[in-house]
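Architecture and fold: a report
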Amino acid sequence: MTKDQKIEKLPAAPNDTTRGDVLHRAGKAAAGLVPFAGAALSEVLDHAIRAPAEKRMEAWLELVEETVNKLIEEVEDLTPQSLGESDAFTTAVISTTRAAMLTERRDKLEILQSALHTTGTGFILDEVLRNTFLATIERYTPEHVLLLHRCSDLETLLDAFRRYKASPSADVGDDKGKEYVQIEFMVPWLLTEVAADVAKELYSDLHRDRFCQGSEGFAYSFYPGRGIPVSTSRGKEFLRFVFGPLGIPTDWSQKR
């Protein structure tokens, strides 16, 4: 294909009847069967369910359209048709759309959009692992992803260790002069944006999914002198799946 030949991009998302419309109409019909309160319940459905759901879907479809058009610009000979024939991309669209409808957070939508973009570039990953990662993205909060990123970055870990060491409750090192800290104690210093118990709960999820080192009770120690991050190779692969080979964007990680 020559540079003069332009691949047609996606138009604005259509506004046809969707499954959501059908469910909404069914809900209104059911509400109408309730004696005396039917009309009032029908109005509640309009204001409390339909409008917010449509708004979320519209916002997400705009991001999907933006992602597809970006992929067309970046990947040679890629078309909307070829993307639609990709089982991996179709699965990613379904999974991310489901997750997008369950969140109002822009940073979560950015994560979903980024994973969709990575899949569209042809990122090679075993199908089972890819679907596992998609399911994980659905249930993870942006704080999960941010904590995993910080557990993968040695400089961030060392900075958290220094701040923890300077705290009154610090318990580092042993009688032989080696410095270390159990990851359970340092996690709150890695994610100061949330309460300490919440940070520990998020790390527990990362450890359970084998994205970070640890064992029952977080009996894993971080040794600053060894220069080894806390995340596992599986955790780093998850981050690559979400954000691509270039890794998590600096502006995303710093604006939290």
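For the structure, see preceding data.
Description of the structure in this document. (Residues numbered from 1 in each chain as written. Predicted model: local features only at pLDDT ≥ 70, side-chain atom pairs only at ≥ 80, totals over all residues. Heavy atoms only, no water.)

Let's talk about the overall build of the protein chain
Here is the rule we go by: The secondary structure listing takes helices from DSSP runs of H or I that are at least 4 residues long and strands from runs of E that are at least 2 residues long, numbered from the N terminus. Burial classes follow relative accessibility: with a 1.4 Å probe on protein chains only, a residue under 20% of its type's maximum area counts as buried, one over 50% as exposed, and anything between as partly exposed. Two residues form a contact once any of their heavy atoms are found within 4.5 Å. Accessible surface is estimated by sampling points in the Shrake-Rupley manner with a 1.4 Å probe; for residues, cover comes only from the protein chains shown.
Scanning the protein chain for helices and strands turns up 12 helices and 2 strands. Every one of the 256 residues in the protein chain was classed for burial, and the buried ones make up 39%. Sequence-distant contacts in the protein chain: of pairs separated by 6 or more residues, those separated by 24 or more amount to 69%. Counting every atom, the protein chain has about 14900 Å² of accessible surface; 54% of that belongs to carbon and sulfur.

A closer look at the environment of arginine 240
Rule in force here: Polar contact is defined as a pair of N or O atoms within 3.5 Å, subject to the rule that within protein one atom must be able to donate a hydrogen and the other to accept it, and that residues adjacent in sequence are counted only when both atoms are side-chain atoms.
The residue arginine 240 is located in helix α11 (residues 233-243) in this model. Arginine 240 sits 125 residues away from alanine 115 along the chain, and the two C-alpha atoms are 9.0 Å apart. Look past the residues within four positions of arginine 240 in its chain and what remains in contact with it is Thr118, Phe123, Ser233 and Pro245. Within the local environment of arginine 240, its side chain forms a polar contact with the side chain of glutamate 237, the two groups lying 2.4 Å apart.

So, helix α5 (residues 106-120)
Note the following rule: To estimate the expected span of a helix, count its residues, drop one, and scale the result by 1.5 Å.
Over its 15 residues, α5 extends 21 Å from the first C-alpha to the last, a length consistent with the 21 Å expected when each residue adds 1.5 Å. With 13 of 15 residues buried, α5 lies mostly within the body of the structure. Downstream of α5 by a residue or two, glycine 122 has a phi angle that is positive, lying close to 90°.

Section: the packing of helix α8 (residues 154-165) against helix α9 (residues 183-190)
Note the threshold: All axes are obtained by fitting lines to C-alpha atoms, using only the stretch in contact for helices, and the reported angles, taken between N-to-C directions, cover 0 to 180 degrees. Angular relationships are summarised with four words: roughly parallel below 35 degrees, roughly antiparallel beyond 145, roughly perpendicular across 65 to 115, and oblique for the angles in between. When residue character is reported, Ala, Val, Leu, Ile, Met, Phe, Trp, Tyr, Cys and Pro are called nonpolar, Asp, Glu, Lys and Arg charged, and the others, Gly included, polar.
Relative orientation of the contacting elements α8 and α9 amounts to 105°, with a least axis distance of 9 Å. It follows from the interaxial angle that α8 and α9 lie roughly perpendicular. In contact with Thr156, Leu157, Ala160, Phe161, Arg163 and Tyr164 of α8, α9 contributes Phe185, Met186, Trp189 and Leu190. Tallied by class, the residues present in the contact of α8 with α9 amount to 8 nonpolar, 1 polar and 1 charged.

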